[in-house]
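A closer look at the structure
This is what each chain is made of:
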Amino acid sequence: DEQKQLYVRMSQSTPPMMIRWGAHAMTSWEFEGPPPAPVHVIHGHDDRIVHPKQLSVDRMIPGGRHLISLSHPHAVNDFLAEKMRVAMAVRSPTM
């Protein structure tokens, strides 16, 4: 399918050292204290690379895989727009 072909093209064009670095960075990243900005997770239900059980997910997209922003752009945009509306409402409440 189209996503699988994209994964193959990306992995073939990415230097192995970069893939190893990225895998290590994702699995060993540590951060102390709260993040400096809100962090929200949108995840594809059928992601075969990062399993949803490894995450605290805000929005699970049915049928979505690893490249969720490419396969389900409307769902990602809707999620971001919703979070921005909430943030703006908190920041500048209506009088």
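Here, the structure is the one placed above.
I will try to describe carefully the structure that is included in this document. Here the structure is a predicted model, which is why all the values come from computation and not from measurement.

1. Some remarks on the nonpolar core
One finds Ile42, Ile61, Ile68, Val76 and Phe79 forming the largest nonpolar core, which totals five residues. Once residues lying within four places of it in the same chain are set aside, the contact partners of Ile42 are Arg59, Ile61, Ile68, Ala75, Val76 and Phe79.

2. Some thoughts on the side chain of Arg65
Mapping Arg65 onto the fold places it in the loop between β2 (59-61) and α3 (68-71). Arg65 has contacts with Asp1, Gln3, Tyr7, Gly44, Asp46, Asp47, Arg48 and Ser71, leaving out every residue within four places of it along the chain.

3. Side note on the packing of aromatic side chains
All told, the structure shown has one aromatic pair when counted by the stated rule. When the ring of Trp29 is compared with that of Phe31, the centres are 5.8 Å apart and the planes differ by 40°; the resulting orientation is tilted. Judged by its relative accessible area of 44%, Phe31 is partly exposed.

4. Here we look at the environment of Pro35
Among the structural elements, Pro35 can be located in the loop between α2 (16-28) and β1 (42-44). Distance from Pro35 to Ala75, taken between C-alpha atoms, is 25 Å for residues 40 residues apart in sequence.

Rules behind the numbers
- Residues numbered from 1 in each chain as written.
- Predicted model: local features only at pLDDT ≥ 70, side-chain atom pairs only at ≥ 80, totals over all residues.
- Heavy atoms only, no water.
- Core = buried A, V, L, I, M, F, W, Y, C linked by side-chain atoms within 4.5 Å.
- Buried < 20%, exposed > 50% of the residue type's maximum accessible area, 1.4 Å probe, protein only.
- Contact = heavy atoms within 4.5 Å.
- Helix = DSSP H or I, 4+ residues; strand = E, 2+ residues; numbered from the N terminus.
- Phe/Tyr/Trp six-rings, centres within 6.5 Å; stacked < 30°, edge-to-face > 60°.

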